[in-house]
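Coordinate analysis (summary)
Each chain is listed here by its residues.
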Amino acid sequence: MASREQFSSKAGFVMAAAGSAIGLGNIWGFPTQTASNGGAAFVLVYFVLAFLLAYPALMAELIIGRHARANVVTALRSISTGPLTYKLASLAGFSGLIVASLILSFYAIVAGWMISYLIASVSDMLGWQGASSWLTSDSFQRNVIFLAIFMMLTMGIIAKGVAGGIEKWSTRLMPMLLILMVGLIIYVLMQEGAEEGLRIYLLPDLSQIKPALVLDAMGQAFFSLSLGVGTMLIYGSYLSEQESLPRLGAIVTVVDASIAFIAGLLIVPAIYVAKYYGADIFTAGGELIAGPDLIFQILPVLFDSMGGVGAIVAFAFFLLMSIASLTSSISMLEVPVSYATEESGASRGLATAIIGLTIFVISTVILMNFEALFGLVIDLTTVYSQPLLGVMLCVFVGWIWHRDNVLKEIKKGHGDIESTLFWKIWPGYVKFFCPVLILATFIQSIIG
Ligand code: PFF
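Read on for a plain summary of the structure.

Procedures and definitions
Residues numbered from 1 in each chain as written. Predicted model: local features only at pLDDT ≥ 70, side-chain atom pairs only at ≥ 80, totals over all residues. Heavy atoms only, no water. Axes fitted to C-alpha atoms, helices over the stretch in contact; angles between N-to-C directions. Helix = DSSP H or I, 4+ residues; strand = E, 2+ residues; numbered from the N terminus. Parallel < 35°, antiparallel > 145°, perpendicular 65-115°, else oblique. Contact = heavy atoms within 4.5 Å. Nonpolar A, V, L, I, M, F, W, Y, C, P; charged D, E, K, R; others polar. 1 Å grid on protein atoms, 1.4 Å probe; cavity = no way out; pocket = protein on both sides within 12 Å on 5 of 7 lines; lining within 4 Å. Points joined across faces, edges and corners; volume = space filled by probe spheres on them. Phe/Tyr/Trp six-rings, centres within 6.5 Å; stacked < 30°, edge-to-face > 60°. Buried < 20%, exposed > 50% of the residue type's maximum accessible area, 1.4 Å probe, protein only. Core = buried A, V, L, I, M, F, W, Y, C linked by side-chain atoms within 4.5 Å. Near = heavy atom within 4 Å. Polar contact = N/O pair within 3.5 Å; in protein donor to acceptor, adjacent residues only side chain to side chain. Areas by Shrake-Rupley, 256 points an atom, 1.4 Å probe, with all protein chains shown as cover. Salt bridge = Lys/Arg side-chain N within 4 Å of Asp/Glu carboxyl O. Expected span 1.5 Å × (residues − 1). Patch = residues over 30% accessible without salt bridge, like charges linked within 9 Å, V, L, I, M, F, W, Y side chains within 5 Å.

So, on to the packing of helix 15 (residues 348-368) against helix 16 (residues 370-400). Viewed as axis vectors pointing N to C, helix 15 and helix 16 meet at an angle of 125°, and their least axial separation amounts to 6 Å. Comparing the axis directions of helix 15 and helix 16 gives the class oblique. On helix 16, the residues touching V365, I366, L367 and M368 of helix 15 are F370, L373, F374 and V377. A class-by-class count of the residues in the contact of helix 15 with helix 16 yields eight nonpolar, no polar and no charged.

Next comes the structure, spelled out in structure tokens:
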């Protein structure tokens, strides 16, 4: 068997896994969910759940992945113990491939918008009004063109493989993201109106903590850590046996949660700065205008208010969004591509081209039936499939895979694991708490 690719260093893995985790979910999803769920109380619950629930589930994926050293389908099959669990493994694995691809099909559309706004900020600086207004108006043509550009970037990186593609680009792009974000926060916090946003973001009103808020926070934590679809599993499979998985998983969780927190420091005050400048940030029903609309309706008000520097700040912001999207989208595409290369023996380039093109076609179909399909695909994948697949992975680690084998894998790179708090708590945790709590989210999202 040809030697399998691997991340070249611990830092490379952390950049790639954090790059997958950090995306539109952190920079857009988390702050808007915070703003529409009563502010700081949501932040508090989110942090508790990220560590108590999402971190244990992330560990399940990393451990299975590194043990099996294979894509999600093969990995789950390899720890199955009989015909029934083998079937369950195939079901969960193939669902993971499909869901990861479908997440990419909507994610790439939104990421395409980010790129078109990025270029619009440049044409603004050059005074090309016609180009700017085409780039910022919703049209099928524009959407398909920028979708194609974003998919080509994603495919270009994935075709290059693990160390030369995923790791190299994540390591370049992630520090850039942090620098841009800190620069933007400093600017926004100096603006009129920012203080009101900051207060809402940082001072929790505990009476806001209701079941719906908890469930939203849990879904957000799963989406944000890219859980359930085999992304973290495949990244774990590229990790050396010398590394301690509980430690690396903890670093990724802390980094992801911190970036979400920092993004909130930027976006929530920015919403209130935009309000100060006269933007309508609430619907007639008193709800915050959420989703992609908020970015494209409110932030331009903020950028316009800045005069000459507005276009530069807009450029920095949309560059940030584009980069964050790209380091996430590559991790989604890696899920089906790793399966195709490992199972069919196809070359990475060919597998990337065929799967990337297929996803592009699916995205185009979504664009042609936008009203009917866009929200539906998002709900089907993130609200329903991700939590359910998360349960499956916890079941595999907690109930199907033998505990001694789990211990053997986790001991690699962490010799004294048995005496740690992690080993005392985690096995029972993924066995009972995680499935029960995730199922509760799932059921709630169906009946809610
Ligand atoms: N974690 C990404 C974000 O927060 O934007 C989204 C994501 C990436 C979801 C990869 C699923 C996935 F497999």
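If you walk through the whole model with that rule in mind, you get four cavities of 30 Å³ or more. Roughly 120 Å³ of internal volume is contained in the largest cavity. What lines the largest cavity is a set of 14 residues, and nearest its centre among them are S20, I103, F223, S226 and M332. Secondary structure elements with two or more residues in the lining of the largest cavity: helix 1 (10-21), helix 5 (83-125) and helix 14 (310-344).

This paragraph deals with the packing of aromatic side chains. In this description, an aromatic ring pair is defined by two values, namely the gap between the centres and the angle between the planes. Enumeration over the complete set of coordinates arrives at 23 aromatic pairs. Pairing F42 with Y46 gives two aromatic rings, centres 6.5 Å apart and planes at 20°, and the pair type is stacked. Residue F42 and its partner Y46 are located together in helix 3 (residues 40-68), separated by four residues, close to a single helical turn. For F42, a relative accessible area of 0% gives the class buried.

In this section: the nonpolar core. Counting residues in each nonpolar core, the largest one holds 161 residues, and the members touching the most others are F13, I64, F317, F318 and W426. When residues of this core are assigned to their parent elements, the largest contribution, 19 residues, is made by helix 5. Not counting the four nearest positions on each side in its chain, F317 is found in contact with L184, L266, I267, I295, L299 and F303.

Let us look at the site of the ligand. Taken together, 17 residues sit near the ligand, with A21, G25, Y107, F223 and T231 positioned nearest. In the model, an oxygen atom of the ligand is placed 2.8 Å from a nitrogen or oxygen of the G25 main chain. At a separation of 3.3 Å, an oxygen atom of the ligand approaches a polar side-chain atom of N26. When the free accessible area of the ligand is taken as 340 Å², the share hidden by the protein chains comes to 100%. Listed by contribution, the elements that provide at least two residues to the shell around the ligand are helix 1, helix 2 (24-36), helix 5, helix 10 (211-224) and helix 14. Taken together, the residues of the shell around the ligand sort by class into seven nonpolar, ten polar and no charged.

This paragraph deals with the environment of F318. By the secondary structure assignment, F318 is in helix 14. Its relative accessible area of 2% is what places F318 among the buried residues. Taking the C-alpha atoms as reference, F318 lies 17 Å from G307; in sequence the two are eleven residues apart. Discounting residues that sit within four places of it in the chain, F318 has contacts with M114, Y117, L118, I295, F296 and F303.

Attention now moves to the pattern of salt bridges. Tallying each qualifying case throughout the model produces nine salt bridges. Between D138 and R142 there is a salt bridge whose closest N-O contact spans 3.7 Å. In this structure, E195 engages R199 in a salt bridge whose closest nitrogen and oxygen atoms are separated by 3.6 Å. Here R199 and E195 lie together in helix 9 (residues 194-202), a separation of four residues that amounts to about one turn. Accessibility expressed as a relative area gives 57% for E195, which makes it exposed. Sharing partners across several salt bridges, the network here consists of R66, E241, E409 and K412.

Mapped onto the fold, R348 is located in helix 15. Apart from residues no more than four positions distant in its own chain, R348 is found in contact with E5, I158, A159, G161, V162, Y238, E334, V337 and T341.

End to end, helix 2 covers 17 Å across 13 residues, agreeing with the expected 18 Å (1.5 Å per residue, within 8%). The buried fraction of helix 2 is high, at eleven of 13 residues. What helix 2 keeps buried is the set L24, G25, N26, I27, W28, G29, F30, P31, T32, T34 and A35.

Attention now moves to the side chain of T420. Here T420 lies in the loop between helix 17 (403-411) and helix 18 (421-447). In terms of polar contacts, T420 uses its side chain to reach the backbone carbonyl oxygen of I417, at 2.5 Å.

All right, on to a nonpolar patch on the surface then. On the surface, a nonpolar cluster with roughly 570 Å² of combined accessible area is contributed by V122, M125, L126, W128, V309 and I312. With respect to the helices and strands, the residue W128 is situated in the loop between helix 5 and helix 6 (129-136).

The geometry of a pair of packed helices is captured by two quantities: the angle between their axes and the separation between those axes. Put simply, helix 2 and helix 14 touch, their axes get as near as 8 Å, and they point 115° apart. Only L320, M321, A324 and S325 of helix 14 make contact with helix 2, whose side of the interface consists of L24, I27 and W28.

Right, let's get into the environment of Y86. Mapped onto the elements, Y86 comes out in helix 5. Note: C-alpha distance between Y86 and V73 (13 residues apart in sequence) is 9.9 Å. The contact partners of Y86, leaving out residues within four places of it in the chain, are R77 and S80.

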